[in-house]
Amino acid sequence: MTTFNGNYDGKGLKIGIVVARFNDFLTSRLVTGAQDMLLQHGVRADDIDIVWVPGAFEIPLMAQKLAKSGRYDGLITLGAVIRGETAHFDYICSGVTQGVAQVELETGVPTMFGVLTTENLDQAINRAGVKSGNKGADCALGVLEMVSLNTQLDQI
């Protein structure tokens, strides 16, 4: 029996981050968390590219462009969608979730989903580095692990 485990070694990796500008008081914290974690694990600052998009719904298109470019070992998508009084929340969350999953499955580039989808502002704040950790940092670790696993499985 063979068991595969990823690691968090970021040396030599190129990582793209696509982040929504909407709710940037939250998403900027997510970006900082992701950058800090990537740097701590050996990714060079010059090997991290950040693409800002207007809102969460626009994330999949830019993630797809980055993935298809062949320049990136992994991607991180970051945003913050907070439930309001209309069905808009449901449509945006569904679209961005499906879009990001599609990018990963169609391109084979590990793509982490770090779009907060919360019921209220307090939940979003907590997931952007207050009480519940930082989802951006979590995604940085996740992308490093997935890139490592992807590399290992490509070699068998």
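The preceding data block contains the structure.
The following refers to the structure shown. Quick caveat, the model's predicted, so the values are computed rather than measured. (Residues numbered from 1 in each chain as written. Predicted model: local features only at pLDDT ≥ 70, side-chain atom pairs only at ≥ 80, totals over all residues. Heavy atoms only, no water.)

### What about the sheet that holds strand 1 (residues 15-20)?
So, step 1. Taken in spatial order, the 4 strands of this open sheet run 2-1-3-4, and their pairing is parallel. Each end of this open sheet is capped by a strand with a single partner; those strands are strand 2 (48-53) and strand 4 (111-118). Each adjacent strand pair in this sheet contributes to an overall mean axis angle of 15 degrees, direction not counted.
So, step 2. Relative to strand 3 (residues 74-82), helix 2 (residues 59-69) is tilted by about 175 degrees, and along the sheet it contacts strand 1, strand 2, strand 3 and strand 4.
So, step 3. Across the sheet, helix 5 (residues 135-154) touches strand 1, strand 3 and strand 4, and the angle it forms with strand 4 is around 155 degrees. (Pairing = 2+ DSSP bridges. Helix = DSSP H or I, 4+ residues; strand = E, 2+ residues; numbered from the N terminus. Axes fitted to C-alpha atoms, helices over the stretch in contact; angles between N-to-C directions. Contact = heavy atoms within 4.5 Å.)

### Brief notes about the packing of helix 1 (residues 24-40) against helix 5
So, step 1. Contact geometry for helix 1 and helix 5: axes closest at 6 Å, N-to-C directions at 40 degrees. Compared by their axis directions, helix 1 and helix 5 come out oblique. For helix 1 against helix 5, the interelement crossing comes out right-handed. For the pair helix 1 and helix 5, contact is made by Leu30, Gly33, Ala34, Met37 and Leu38 and by Lys135, Gly136, Ala137, Ala140, Leu141, Val143 and Leu144, respectively. (Parallel < 35°, antiparallel > 145°, perpendicular 65-115°, else oblique. Left-handed = near helix turned anticlockwise from the far one by under 90°.)

These values are about where atoms sit, not about what they do.
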